[in-house]
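A structural walkthrough
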Number of protein chains: 6
Amino acid sequence: MTSPTRTLYRSYIIEEYHITEEPYYVPVGDEIELFEAAYAQKIPVIFKGPTGCGKTKFVEYMSYRLAQPLTRIRQNPDASDVAAEPTNGDDSEPDNLPLITIACHEDLTASDLVGRYLLEGDRTVWIDGPLSRAVKAGGICYLDEIVEARKDTTVLIHPLTDHRRILPVEKRGELLEAGEGFLLILSYNPGYQSALKDLKHSTRQRFISIEFDYPPRDIEAEIVAHESGVDSDTALQLAKLGEKVRNLKEHGLGEGASTRLLIYAGQLIKQGITPRRACQVAVNWAVTDDHTVQRSIEELTSSVFE
Amino acid sequence: MTSPTRTLYRSYIIEEYHITEEPYYVPVGDEIELFEAAYAQKIPVIFKGPTGCGKTKFVEYMSYRLAQPLTRIRQNPDASDVAAEPTNGDDSEPDNLPLITIACHEDLTASDLVGRYLLEGDRTVWIDGPLSRAVKAGGICYLDEIVEARKDTTVLIHPLTDHRRILPVEKRGELLEAGEGFLLILSYNPGYQSALKDLKHSTRQRFISIEFDYPPRDIEAEIVAHESGVDSDTALQLAKLGEKVRNLKEHGLGEGASTRLLIYAGQLIKQGITPRRACQVAVNWAVTDDHTVQRSIEELTSSVFE
Amino acid sequence: MTSPTRTLYRSYIIEEYHITEEPYYVPVGDEIELFEAAYAQKIPVIFKGPTGCGKTKFVEYMSYRLAQPLTRIRQNPDASDVAAEPTNGDDSEPDNLPLITIACHEDLTASDLVGRYLLEGDRTVWIDGPLSRAVKAGGICYLDEIVEARKDTTVLIHPLTDHRRILPVEKRGELLEAGEGFLLILSYNPGYQSALKDLKHSTRQRFISIEFDYPPRDIEAEIVAHESGVDSDTALQLAKLGEKVRNLKEHGLGEGASTRLLIYAGQLIKQGITPRRACQVAVNWAVTDDHTVQRSIEELTSSVFE
Amino acid sequence: MTSPTRTLYRSYIIEEYHITEEPYYVPVGDEIELFEAAYAQKIPVIFKGPTGCGKTKFVEYMSYRLAQPLTRIRQNPDASDVAAEPTNGDDSEPDNLPLITIACHEDLTASDLVGRYLLEGDRTVWIDGPLSRAVKAGGICYLDEIVEARKDTTVLIHPLTDHRRILPVEKRGELLEAGEGFLLILSYNPGYQSALKDLKHSTRQRFISIEFDYPPRDIEAEIVAHESGVDSDTALQLAKLGEKVRNLKEHGLGEGASTRLLIYAGQLIKQGITPRRACQVAVNWAVTDDHTVQRSIEELTSSVFE
Amino acid sequence: MTSPTRTLYRSYIIEEYHITEEPYYVPVGDEIELFEAAYAQKIPVIFKGPTGCGKTKFVEYMSYRLAQPLTRIRQNPDASDVAAEPTNGDDSEPDNLPLITIACHEDLTASDLVGRYLLEGDRTVWIDGPLSRAVKAGGICYLDEIVEARKDTTVLIHPLTDHRRILPVEKRGELLEAGEGFLLILSYNPGYQSALKDLKHSTRQRFISIEFDYPPRDIEAEIVAHESGVDSDTALQLAKLGEKVRNLKEHGLGEGASTRLLIYAGQLIKQGITPRRACQVAVNWAVTDDHTVQRSIEELTSSVFE
Amino acid sequence: MTSPTRTLYRSYIIEEYHITEEPYYVPVGDEIELFEAAYAQKIPVIFKGPTGCGKTKFVEYMSYRLAQPLTRIRQNPDASDVAAEPTNGDDSEPDNLPLITIACHEDLTASDLVGRYLLEGDRTVWIDGPLSRAVKAGGICYLDEIVEARKDTTVLIHPLTDHRRILPVEKRGELLEAGEGFLLILSYNPGYQSALKDLKHSTRQRFISIEFDYPPRDIEAEIVAHESGVDSDTALQLAKLGEKVRNLKEHGLGEGASTRLLIYAGQLIKQGITPRRACQVAVNWAVTDDHTVQRSIEELTSSVFE
């Protein structure tokens, strides 16, 4: 086992962070067409779905894809007349569409998003927040787990989601009109929502909503094999275990095992840990602290990896 | 599908933001006459009504209209003697009536509205908040979703709504008397209000209240067709679906589908998405996470778009 | 209908804000004599009463009146021996008694009232709050809706209401002894008070309390006619409606319609709106969102304006 | 009735505020001896008792008295051997014992009491809080309504109340040892205390406690006559009313009428208001908003002032 | 009775505050040996026990004693082989072991303990908090009533209580390793603890715990006589009363009377107050506001001081 | 008994704090292999387990071990092919892997972790927080008791735990990509978790989880003997007592006695305290305030140390 040598860290300017390598993403349905239609019409989008089912990967994939001047084939036959055209008149230069991701939490203030004045030397300097940066750069702004945000954050995005596409920067007495490529994407996990933390209708009805779920077994096995490096048999067994664990959800398990955890299990197996032990630490103990549920998952693991 | 080229963003000074193009607004009743009477008498107004029924559009339309030196025809026959007169002695120069919109939320402080001192270089500079800007510019100030505001915000507007029309700027030891054209408009959605977040009588009895609802089917179809570009048949089907979904409100649906969502569905259809899929993501999944309600809306969609 | 031309706003120094024109106030009982007796003895006063029944108007009227060196006739016969004397030895120069109004709310801090240090250039400057200004100027200080205030505000006024008449300015290590003309007036609406927001006895027993209610029908009609410009018949009908709506208070209406709302209705009628529609938006929808109560008020309106 | 001419306000340095005129105080029992014994032994004291029963007056009286180099006669015969001696070797110069009063509330921070750094010009200046001033000046520090204070305030005074008599000024890394004459006095009203706001034993057992109550009828009448200027018959009637109102305490009245309110009533009567009306606004409406209780007090008033 | 002349206050640097005079402390058991063993092994200690039973006195005594280069005799025979040796090779110079006491409360922040930056002139200066001072000075740090502290304070001390003995000063990006003599002592009163304010196991299991209680009657009488100056008969009577009052604890009394209160009673008696009156204000009224309990204590007092 | 001479304290830069001496750690199972596999694959790890069972020791041990260029033998036979290889091509120079430990608490803000601007002289200086330091230094970052952290802290680590390994530093508009050796480790104690303070699935499913428990009796005795210096018989008796106390957990004891407490008991015994008294203060009183439970533990102690 090699202890990796520590390299220097790297640092990026937020609005210059582009997805430069094509992310590995396997589409499950027509989500790519829906996203492209919404983007063309500047309709903001909500991604609904459970933890670790690929929402973040999808927004990275779309941000990479929309920046490429390639011809894309639409899968939807009803819309075949508008498909198969170049996405950009100027094919020679790919459009670097920035992706700005903001993890929402209950202490995120409006100033955190829009910006604030900072004292520098003998004068104050305005520092744009990530949302202002996204608005100015005309990029995709991805607000992860929006229901965690405080109300001021949620309300702040309202004028950005109607025909005005405006961000009020009240501390500067200014209104920012979003650049052409700007689009707001929210993610949220309806499984979590308590009555208190629900997304208000005045917010949610400003978006179309695409629902996501874990991929079907074959696609998930393909993903696990690709991402962890295990052989396709092991990957299929892991996908099978994932499926079975998710079925426990009605039997006391808060949330099913994510695709990410199955990949972790695969990575540990690749590293020489036995499959059962790998699944114990990467799946079983990772999803629950309840000893009864743990015993059930242990049995599922034994039945899959006999 | 074309990925739009990102243009530069634009920036405005808050109190110089005028509605320069006539907003598309289809009146449903005598709301224009009521607003004009209140404005002439400097009576503050509350707009009550559900999410996305057009309250914001209406205040934009009125702010545009009141700035135009045109002859307007009153629809109310009882008041015909005061109608049909020029709105302004000086017809040659349209009056730029600023519209200042403030989205209220529970973290909005009095300083956010009135202003604050900021350090700049070696001195502090006073920065007017949007409410002070509206008071000074003599514009329309639209406080959206007022019940979300903290009590200090709500109380702050009291002296602006009685005969004094005064905004105390306590940090400067100053009282601002509002310019002639200033008017305060609040919006709120009575459907949401819990006992805790009700508008206090000491506040609400300082305003007259105009109640809004979704437009009737024919007017809504006209709006959907105009705003999304779909043909009038599809628009009528979408309006029909909107009507039917709103009737579900007693069957577990928190809030009916807004006109905005029907326009989104129209835009997706224009973009090549099938009507049923467009209604699923733009209406069904957008209004609810409840699978039982989703199935009902699915059936409604099938019955409209057979 | 004329869109008013917007004039420049005006700005005042808080402690220089005097009531210069006699406010229109119709006394209902001996409230003027009580106030004058309290003022002469420097006894602080609480005004109790419902929303919009004239408490603010009364304090403005008294502040104007006490500043006038006129002979006043006492209405109370028992006290006739002390009445009918000039209020000021020096009749030639009216005493400008400042009126400082502070709308209380739960976020109002002691610093908001007393003052704070602000950085200006390379030094900090002390800015007096409105209460310090009132204490120094020897004016009337009107704390509106005191029960909304935080405890620190309420406690702050204690030393101002006993024989010491002192305001501690702790950030400056200073005690301010109020000028001769200073008097503290609180308003509060007992109808609102929850157990949590009650006025503590240690505070309320520092004041005498005058209870206010809506004026009787004839006086209210007189006020509505004067303030809105409608004829006395219409004004009487509006006053009758006000009375009837207030009787609904036991039937689900939170608070009765204020005199102010009746004036609004009058103003809309003057502007050409039909009486029933005017009462709908200015009274009915303004006081309630409950459709059942709205129907009752609709019927009351019809019965008054047949 | 004369509107008083407004004089200039006066300002004092907190620790230089001495009681220079003998306050009017009528002792009810041996409270003076107890206080003097505690002061001689540097034992901190709690005053317990209802609103407006004279606790503040007593601390002012003692602070005046302890500053006078007079011979005092002890009432307690057992201690007669230590009585009747001059209080100060140097009789010629009265000792100015400062009295620092701090009204406690739930937003009072430790910094408010101890002090804070303020920016002044290009340097920060430390400003002592009132407690530090009292400790340094060796005066009497009176914390009014201590149970309202936050825990940090309450804990702050602990080291001042044991043998160390020390105030930690942590922002300066400093400990202040109190001057010789320093004594801490707390007041609190056990009638108010909820379980949440009780004085902790770790605090209360650092003090001896003197319980106060309203004075007996004759003494109270004497006080009312002296303070309001009414004749002794009226004063006795007011004291009788006070007694009767206090007996209502078990019948829905939160707190009995304070001596202060009876004085207010007397002052209004002196000003020409009839006794019944004076008692209505100064006693009845001042102590309750409950109409049933108000009727009972009205009857009591009628029976006293037939 | 002499009113003491006020002397100048004195001021100390926190970490230079040593106990220079031997505190009067009467050991009850082997607490001195336990403390010395823990100190030698650098094991942090919790003192558990009721209000005013001598915990603070004990930590002062130990801090004085550990600083003295004297030979001490161990009382525990099993450990006689390690006893009776000089505590310091260099007997000539007593080691000044600083004692830093911090009264915990729910508003005490980590910055209050560790330190903060302050602006001074044109630069910021770091000011060590009392905990940093104790760590650097290698003294005894006594956190009084630890359960009152906020969680950040409690967690802050964790790395100081394991083998690392480290205090992270995150604002400076620094770790402080405690000097040799440093030891952390907490006090807490288990009688108070609600479920909410319990000491977490992750904190309490970092300490050994010594339980304290009020001293037995004879020792307490000795202490009362010594500290108040009363004769030994009176002292014994007071100790007897303390014992009896503590037995009332099951009959509605929150906490028994502390030794400190008995000393107060003694001091008042010395000052000429009769024993019964002294016990009323120093014991009875000091421990309870409940009239029923007060009557019981009154009877106990009468039976002791017939 | 020697009072230790106080030496000067030492101070370290956070990211330069390496474990330089091999920590004493006795492995219980395959935890070392699991950790090494996770580290090689950059999979973040959660340590679950009770108070004081050795989680902190283990992370210190692994941080020391991963920094050593030694050949290690894998215990897992299935992975023998990847074992027994040098961990670093350059054997001559050990890799100093920093260990940054952060004790989480509910007041820990995102700025505390990431960094903040501080004014220094006439300019503001950015000070990296410990998490930024760990990311830049490529070290192991150990967040102790993560469930105590506020939501903003928890969310902040999300982008550091997926393939991006990025820390957004929003106040600087910057993204930090973690250095090669960086790994995030969380600890938490499932026994404590209330429903309110549970680790969210969106967080926990980003980690594999290793469950820890107290070591078996023989290993624990070995540890106690090594760390306290008692003989192996006494150590075994202490381990036996630990085991018995932990069995009381179902009988009202919140948490079992940690290994650390057993070591404390051993240290006191070494210092001459009798075993029973040592166990009383170091185990019994340290784990509970409940007298009934204390009696049970007393009996267990007597049965072990007869």
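Source: prediction; values computed, not measured.

Turning our attention to the pairing of strand β2 (residues 45–48) of chain B. Across a regular strand the side chains alternate sides, sitting on one face of the sheet and then on the other. Residues and elements named next belong to chain B. Burial of β2 is two-sided: the residues V45 and F47 facing one way and the residues I46 and K48 facing the other way are all buried. Relative to strand β9 (residues 183–188), β2 runs parallel, the two being bridged by four bridges. Directly across from V45, in β9, lies its bridge partner I185. Here β2 runs beside strand β10 (residues 208–211); their pairing, made up of four bridges, is parallel. Of the residues in β10, the one forming a bridge with F47 is I210.

Quick look at the environment of Y117(A) now. In this fold, Y117(A) is placed in strand β4 (residues 115–120). Given a relative accessible area of 23%, Y117(A) falls into the partly exposed group. Along the backbone, Y117(A) and K171(A) are 54 residues apart, and their C-alpha atoms lie at a distance of 8.6 Å. Filtering out sequence-adjacent residues up to four positions away, Y117(A) remains in contact with T124(A), V125(A), W126(A), K171(A), R172(A) and L118(B).

Here the phi dihedral of K42(A) falls at roughly 55°; this positive angle occurs in a residue that is not glycine. Note that K42(A) resides in the loop between α1 (31–40) and β2 (45–48). Unusually for a residue other than glycine, R165(F) sits at a positive phi of about 50°. Residue R165(F) is classed as buried on the basis of its relative accessible area of 11%.

Between chain F and chain A, the contact holds 71 residues from the first and 65 residues from the second. It is E170(F), E177(F) and Q205(F) that lose the most area in chain F upon contact with chain A, and together they represent 12% of the buried surface on that side. One salt bridge connects R204(F) with D289(A), and the closest N-O pair in it is separated by 2.9 Å. Our count for the contact surface shared by chain F and chain A stands at 19 residue pairs in polar contact (both at pLDDT 80 or more). At seven residues, helix α1 (residues 31–40) of chain F tops the list of elements feeding residues into the side of chain F that touches chain A. The pairing of strand β1 (residues 10–13) of chain A with strand β8 (residues 174–177) of chain F spans four bridges and is classified as antiparallel. Note on β8(F): the bridge partner recorded for Y12(A) is L175(F).

Okay, the pattern of salt bridges next. Summed over all chains, the structure comprises 96 salt bridges over all chains. When the shortest N-O distance is used, the salt bridge between R116(A) and D112(A) registers 3.0 Å. Counted as one network, the salt bridges with shared partners bring together K48(A), R204(A), E211(A) and D289(B).

Each partner contributes to the interface: chain A provides 71 residues, whereas chain B provides 65 residues. Taken together, both faces of the contact between chain A and chain B bury some 5,900 Å²; the carbon and sulfur share is 52%. When the buried area of chain A at its contact with chain B is split by residue, E170(A), E177(A) and Q205(A) rank highest and sum to 12% of it. Of the charged contacts in the structure, one is a salt bridge between R164(A) and E60(B), with a shortest N-O distance of 3.7 Å. Linking chain A to chain B there are 19 residue pairs in polar contact (both at pLDDT 80 or more). Here the side of chain A that touches chain B is composed, by residue class, of 27 nonpolar, 18 polar and 26 charged.

Between chain A and chain B, which share one sequence, the superposing operator has a rotation angle of 60° and an axial displacement of 0.0 Å; the RMSD is 0.1 Å. These values place the two chain copies in the arrangement generated by a six-fold rotation axis. Of all interface residues in chain A, a mere 3% are interface residues in chain B too; the two copies therefore contact each other through different surfaces.

It takes a turn of 60° to lay chain F on chain A, together with a shift of 0.0 Å along the axis; the resulting RMSD is 0.0 Å. The two copies present different faces, since only 3% of the interface residues in chain F are matched by interface residues at the equivalent positions in chain A.

This next bit is on the sheet that holds strand β6 (residues 140–144) of chain D. All names here are of chain D. Reading across from one edge, β3-β6-β9-β2-β10 is the order of the five strands in this open sheet, with parallel pairing throughout. In this open sheet, the two edge strands, each paired with only one partner strand, are β3 (99–103) and β10 (208–211). Strand-to-strand twist of the sheet, defined as the mean angle between neighbouring strand axes without regard to direction, takes the value 20°. In this structure, β6 lies alongside strand β9 (residues 183–188), joined through four bridges in parallel fashion. Residue pairing for β9: Y142 is matched across the bridge by I185. Packed onto the sheet, helix α4 (residues 130–137) meets β3, β6 and β9 and runs at close to 160° relative to β3.

With that settled, the discussion passes to helix α7 (residues 217–228) of chain D. Two residues of an α-helix separated by three or four positions point the same way, owing to the 3.6 residues in each turn. Residues and elements named next belong to chain D. Look at α7: 16 Å from first C-alpha to last across 12 residues, which is about the 16 Å you get at 1.5 Å a residue. Looking only at α7, the buried set comprises I219, E220, A221, I223, V224, A225 and S228. Residues of α7 that are buried make contact with α8 (232–247) and α9 (259–270). Of the residues trailing α7, G229 is marked for its positive phi of about 90°.

This next bit is on the sheet that holds strand β8 (residues 174–177) of chain D. Strand order in the open sheet made by the three strands is β7(D)-β8(D)-β1(E), with antiparallel pairing throughout. Single-partner strands in this sheet number two, and they are β7 (166–169) of chain D together with β1 (10–13) of chain E. Taken pair by pair, the neighbouring strands of this sheet meet at an average axis angle of 25°, ignoring direction. Contacting β7 and β8 of chain D, α4(D) crosses the sheet at an angle of about 50° to β8(D).

With that settled, consider the packing of aromatic side chains. As enumerated under the stated definition, the model contains 48 aromatic pairs over all chains in all. Where F47(A) meets F58(A), the ring centres are 5.5 Å apart and the plane angle is 45°; that geometry is what we call tilted. Taken together, the residues span a long stretch of sequence, with F47(A) in strand β2 and F58(A) in helix α2 (residues 55–66) at a distance of 11 residues. F58(A) shares its class with F47(A); the two are buried. Relative to Y142(D), the ring of F47(D) has its centre 6.2 Å away and its plane inclined at 50°; by these criteria the two rings are tilted. Taken together, the positions of F47(D) in strand β2 (residues 45–48) and Y142(D) in strand β6 put the pair 95 residues apart, joining distant regions of the chain. Summarising the burial analysis for this pair, F47(D) and Y142(D) share the class buried. Looking at R246(B), its charged tip hangs above the ring of Y214(B), at a distance of 3.9 Å from the centre.

A few words on the pairing of strand β8 (residues 174–177) of chain A. All names here are of chain A. Burial of β8 is two-sided: the residues E174 and L176 facing one way and the residues L175 and E177 facing the other way are all buried. Pairing of strand β7 (residues 166–169) with β8 involves four bridges; the strand directions are antiparallel. Note on β8: the bridge partner recorded for I166 is E177. Connecting β7 to the next strand, β8, in antiparallel fashion are four residues, including G173 with a positive phi near 60°.

Calculation rules
- Residues numbered from 1 in each chain as written.
- Chains lettered and ligands numbered in written order.
- Predicted model: local features only at pLDDT ≥ 70, side-chain atom pairs only at ≥ 80, totals over all residues.
- Heavy atoms only, no water.
- Buried < 20%, exposed > 50% of the residue type's maximum accessible area, 1.4 Å probe, protein only.
- Helix = DSSP H or I, 4+ residues; strand = E, 2+ residues; numbered from the N terminus.
- Pairing = 2+ DSSP bridges.
- Contact = heavy atoms within 4.5 Å.
- Buried area = accessible area lost by both parts, 1.4 Å probe.
- Salt bridge = Lys/Arg side-chain N within 4 Å of Asp/Glu carboxyl O.
- Polar contact = N/O pair within 3.5 Å; in protein donor to acceptor, adjacent residues only side chain to side chain.
- Nonpolar A, V, L, I, M, F, W, Y, C, P; charged D, E, K, R; others polar.
- Least-squares fit on C-alpha atoms with pLDDT ≥ 70 in both.
- Axes fitted to C-alpha atoms, helices over the stretch in contact; angles between N-to-C directions.
- Expected span 1.5 Å × (residues − 1).
- Phe/Tyr/Trp six-rings, centres within 6.5 Å; stacked < 30°, edge-to-face > 60°.
- Lys NZ or Arg CZ within 6 Å of the ring centre and 35° of its normal.

On their own, these measurements won't tell you what the molecule is for.
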